[in-house]
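Breakdown of the fold
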Amino acid sequence: MADSERITPPWWLKPMNKVFMSIVRLGLIKDGPVVLTVPGRTSGKPRATPVTPFTVDGKRYVVGGFPGADWVRNVRAADVATLTQGKRSERVHPVELPADEARPLLRAFPTLVPTRVSFMKNAGLVTEGRPEEFEALAGRCAVFRFDPVS
């Protein structure tokens, strides 16, 4: 994905993410979103963002909502990430999938994570939220698999 394809997130996203991460870290939301923390690719400082993983065939995945997002670039540079929900934390190894492996997961995404469909519509990535629209995002929106760290 070229940097020219970067989509600028709305101004309110960063402050809203901070509020949302606080709610997730407090354990007020039991299912769905988690806080993903990775070292910054240049600073090395921990960088956190809320994500909503989904499970297919026993493996967990997450879709990057904005092509070129900083958190996606940080995850690409990280060997290990931490997923936190409430008091529970888990270290994982993020693996970015190539477009051909991402397609079926993106197609299933609106069914598996319906809460994110409106976000993707508002970002201008899809118009109607149909599975075919999400599948067409392969190669534009990153899809990561989170493998357990032993």
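The name recorded for the chain in an unreviewed UniProt entry is Deazaflavin-dependent nitroreductase, from Mycolicibacterium anyangense.

This next bit is on the overall build of the chain. Secondary structure assignment for the chain yields five helices and seven strands. Going from the N terminus to the C terminus, the chain shows its helices and strands as α-β-β-β-β-α-β-β-α-α-α-β. The buried share of the chain, taken over its 150 residues, is 43%. Working note: accessible area of the chain is about 8,500 Å², and carbon and sulfur atoms make up 52% of it.

So, about the side chain of Glu133. Structurally, Glu133 can be placed in helix H5 (residues 131–135). In terms of polar contacts, Glu133 uses its side chain to reach the side chain of Thr127, at 2.6 Å. Residues contacting Glu133, with those up to four places away along its chain left out, are Val126, Thr127 and Glu128.

One non-glycine residue with positive phi stands out, namely Asp57, at about 50°. With respect to the helices, strands and loops of the structure, Asp57 is situated in the loop between strand S3 (54–56) and strand S4 (59–63).

What follows is about the packing of aromatic side chains. All told, the structure shown has four aromatic pairs when counted by the stated rule. Where Phe54 meets Phe109, the ring centres are 5.6 Å apart and the plane angle is 65°; that geometry is what we call edge-to-face. Of this pair, Phe54 sits in strand S3 while Phe109 sits in helix H3 (residues 99–112), and the two are 55 residues apart along the sequence. Take Phe54 and Phe109: they sit in the same class, and that class is buried. With a centroid separation of 6.3 Å and an interplanar angle of 50°, the aromatic rings of Trp71 and Phe144 are classed as tilted. Here the residue Trp71 occupies a position in helix H2 (residues 70–77), and Phe144 occupies one in strand S7 (residues 143–148), the gap between them amounting to 73 residues. Phe144 carries the same exposure label as Trp71, and that label is buried. Taken together through their ring pairs, the aromatic side chains of Phe54, Tyr61, Phe109 and Phe134 make up a single cluster.

Scoring rules and cut-offs
Residues numbered from 1 in each chain as written. Predicted model: local features only at pLDDT ≥ 70, side-chain atom pairs only at ≥ 80, totals over all residues. Heavy atoms only, no water. Helix = DSSP H or I, 4+ residues; strand = E, 2+ residues; numbered from the N terminus. Buried < 20%, exposed > 50% of the residue type's maximum accessible area, 1.4 Å probe, protein only. Areas by Shrake-Rupley, 256 points an atom, 1.4 Å probe, with all protein chains shown as cover. Polar contact = N/O pair within 3.5 Å; in protein donor to acceptor, adjacent residues only side chain to side chain. Contact = heavy atoms within 4.5 Å. Phe/Tyr/Trp six-rings, centres within 6.5 Å; stacked < 30°, edge-to-face > 60°.

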